[in-house]
Amino acid sequence: MSTAPTHAPTMTSLPLAERLKPWLPVALVPVLMLLGFLAIPSSSSWLTLTLAGLAMGMMIFVIASGMTLVFGLMDVINFGHGAFISFGAFVGTSVLLALGSWTGAPSLMLNLLAIAAAVLAAMAVTGALGLGFERVIVRPVYGSHLKQILVTMGGLIVAEQMIFVLWGGHEIVIARPETLKGAITFAGAALEKYRLLAVGVGLVVFLSMRAVLRRTKLGLIVRAGVENPEMVQALGYDITRVFVGVFIAGSALAGLGGVMWALYQEVITVHMGNEIMILVFIVVIIGGLGSVEGCFIGALTVGLVQNYTAFLEPKLALVSNIALMVAILMWRPMGMVPVVKAK
Amino acid sequence: MLTLISGDRPQSRILGALLLLVLLALAFAPFLFPGSRSLETAARICIFIVLVASYDLLLGYGGIVSFAHTMFFGMGAYGVGIALDRLGTGWGAMGLGALAGMALAGAVALVIALLSLRVRAIFFAMITLAIASAVAVLVSQLSGLTGGEDGMNLRIPRELTPAFRFEVLGLTVTGKILNYYLVFLGCLVLFLTMLRLVNSPFGRVLLAIRENAFRAEAIGYRVVAYRAAATTLSAVIAAAAGALFAVWLRYVGPSTVLGMEIMMDILLIVVIGGMGTMYGAVVGTAIFVLAQNYLKTLMGGLAEATAGLPLVPDLLNPDRWLLWLGVLFILSVYFFPTGIVGRLRGAR
């Protein structure tokens, strides 16, 4: 009988640099802000641009978060997500226009109530739309990416055409509510009130989404489902129902993002959803498909880069995002916060 | 004859007859359907057949979804446009521009493919969508080079313009007709080349990868290399089609070669015609162009007939024909993923 091999496990922890590695992307946003501060000559315009970038990033995050979760959970890629943005914007705008007396009044309370009503209506409609989309369009093509892309693209065409049918396809101008117009001055920089609100809403969505995912049982099932759906199903949870719920929530969030974007741009068109989707795809890819945290960091990065370059070198604004995407994919091919799949 | 179509028989009498009909109609279009409007349609069908077939090489044979196909199409068109603008009118400039556009398209496609396909095939769809729209914006901003939103009018060699006339066997032939035959023959050669390509061992490997990438890799084929090659080839052919389109129209502009609408049209035609068949591009394009003309008329009539009802006339408005095509598209992905050609072959 041979003796047991000597076994001396090392209990030392990894070197600091190794342990910090997964956290590097978190540093990206502050580093970017610092770089912007160094590159932009006046600090007051830096502050304005940073707020604009954060507001834009938050709105993109609200839209993209649902899509990335849907992908993480069921491996479903929804190219028709842009339709929910447009529908949300049109429904929300219609409500806001109908509540003209509330939005026109110089009372913050009434203004916020009008926005809340618009947001709720938009989220209800896009949520219902999401349910229909999932049932009719996505359900029959689980497991085949190729068919998913084709079919959801077809769904997008049909949904866009329906907006033409229902609203006539002209661009609609929508003014911001009375008390959210204009800007407040802080440290010599003009900060638009609406952007502050957008950042606030985005933060609330992110924090509550994180709380649900980390603290509740439902969140646990969702997170487990992202890692290993078969095992979750084997343990007796109906993953398809959870998935439908996530799909509806994601669609509703896209509707919310649509309303926010409409008030941000103050004009809506049928194709706005598609235009935003380009940024959403970039965000989802660089964040790591399926990761909410990665999506948040990616969205803020894209928003900041877009606004800084638009100020420093206007012609490069759109190309800068492509360059950012290429750079990040070379650094981390699976995105900044890769999702670990137990497969 | 069989070697010409690389042994890829239509495998269905109806399909064979349809293909022959389209071929003959296009070959004699200037004499069968006089008038500049129908010649315009015939040339457009030729070019779209090649464009759609090159997309089919990617989607139907490679199993890769790209949204940048119009970008490559545009690169060929703008290659010719910029060369004619900068180097002056001449055959040399035209050829050089076309080759430069094709080379650029191939290089860009290769870079995108290596960057995204290495990671995940679905990245490709999203990345191409983002890049294509950025390029479209860039083209309209760089107005010094590309003419911006207005595009550029091209001065092509005189032999290809309507002003040039000569007599053959008692028939007056204009430069416009010569130009049409340049387009027709160019497209025919490109189409036959693709047919050769998909029926070669290379095409078989692509099909194997589409069916089961994992197994193909296990047998020993470099999946990434094959997919990248398919992407590059398809981009180069799309650019060649774009160059022909620019010469035919004597104009390049963002809306005629780069628009997202064209990309959607290509996608609809490929799926409705039949993915992975090549002939689907021919049948699909012919039906699509006819539908574009006649479906609108039919819908206009129906909309008038239902004018009293709520919502229905809006749904049947001729401008909403894309709505019904979208529905048809979804249904065809579900119920006959091999499209019209697959149906015809199945019913043999």
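Residues numbered from 1 in each chain as written. Chains lettered and ligands numbered in written order. Predicted model: local features only at pLDDT ≥ 70, side-chain atom pairs only at ≥ 80, totals over all residues.

Draft legend 1. Representation of the overall build of chain A within the structure. In terms of regular secondary structure, chain A is built from 14 helices and four strands. In terms of overall dimensions, chain A is globule-like: its C-alpha atoms have a radius of gyration of 22 Å, near the 20 Å expected for 343 residues. Taking the principal axes of its C-alpha atoms as reference, chain A extends roughly 90 × 55 × 35 Å. The long-range share in chain A, meaning contacts at least 24 apart out of those at least 6 apart in sequence, stands at 77%. (Helix = DSSP H or I, 4+ residues; strand = E, 2+ residues; numbered from the N terminus. Rg over C-alpha atoms; globule rule 2.2 N^0.38 Å. Contact = placed C-beta atoms within 7 Å.)

Draft legend 2. Representation of the environment of Thr128(B). All names here are of chain B. Along the chain, Thr128 turns up in helix 6 (residues 121-141). Residue classification places Thr128 among the buried residues on the basis of 25 C-beta atoms within 10 Å. Between the C-alpha atoms of Thr128 and Ala113, which are 15 residues apart in sequence, the distance is 9.4 Å. Discounting chain neighbours no more than four positions away, the residues touching Thr128 are Ser66, Phe67, Ala68 and Ile112. (Buried ≥ 20, exposed ≤ 12 C-beta atoms within 10 Å, placed from the backbone.)

Draft legend 3. Representation of helix 4 (residues 81-98) of chain A in the model. The end-to-end C-alpha distance of helix 4 of chain A is 26 Å, a good match for the 26 Å that 18 residues give at a rise of 1.5 Å each. For helix 4 of chain A, the tally of buried residues reaches 15 of 18 residues, placing the bulk of the element in the interior. (Expected span 1.5 Å × (residues − 1).)

Draft legend 4. View of unusual backbone geometry. Residues and elements named next belong to chain A. A positive phi angle, near 65°, is found at Glu266, a position not held by glycine. If you trace the backbone, Glu266 turns up in the loop between helix 11 (239-265) and strand 4 (267-268). On the neighbour-count criterion, Glu266 (13 C-beta atoms within 10 Å) is partly exposed.

Draft legend 5. Layout of the interface of chain A and chain B. Facing 30 residues of chain A, the contacting portion of chain B comprises 32 residues. Contributing elements (two or more residues each) for the side of chain A that touches chain B: helix 7 (145-167), helix 12 (272-287) and helix 14 (317-331) of chain A. No other element matches the 14 residues that helix 7 of chain A contributes to the side of chain A that touches chain B.

Draft legend 6. Inspection of the environment of Ile82(B) at higher detail. Residues and elements named next belong to chain B. On the secondary structure map, Ile82 appears in helix 4 (residues 69-87). In this structure, the C-alpha to C-alpha distance between Ile82 and Leu154, residues 72 residues apart in sequence, is 8.9 Å. Contacts of Ile82, omitting those with residues within four sequence positions, involve Gly97 and Leu145.

Draft legend 7. How the structure looks around the nonpolar core. Judged by nonpolar contacts, the single largest core of 227 residues is most densely connected at Ile60(A), Val280(A), Val283(A), Ile47(B), Ile49(B), Ala239(B) and Ala241(B). The greatest single-element share of this core, amounting to 19 residues, is contributed by helix 3 (residues 43-74) of chain A. The residues touching Ile49(B), leaving out its near neighbours within four places in the chain, are Cys187(B), Phe191(B), Ala281(B), Val282(B) and Thr285(B). (Core = buried A, V, L, I, M, F, W, Y, C linked by C-beta atoms within 7 Å.)

Draft legend 8. Representation of the packing of helix 4 of chain A against helix 7 of chain A within the structure. All names here are of chain A. Where helix 4 meets helix 7, the closest approach of the two axes is 9 Å, and the angle between their N-to-C directions is 15°. Between helix 4 and helix 7, the crossing angle belongs to the class labelled roughly parallel. Here helix 4 runs over helix 7; the crossing is left-handed. Only Gly155, Leu156, Ala159, Glu160, Ile163 and Trp167 of helix 7 make contact with helix 4, whose side of the interface consists of Gly82, Ala83, Ser86, Phe87 and Phe90. Within the contact of helix 4 with helix 7, the residues separate by chemical class into seven nonpolar, three polar and one charged. (Axes fitted to C-alpha atoms, helices over the stretch in contact; angles between N-to-C directions. Parallel < 35°, antiparallel > 145°, perpendicular 65-115°, else oblique. Left-handed = near helix turned anticlockwise from the far one by under 90°. Nonpolar A, V, L, I, M, F, W, Y, C, P; charged D, E, K, R; others polar.)

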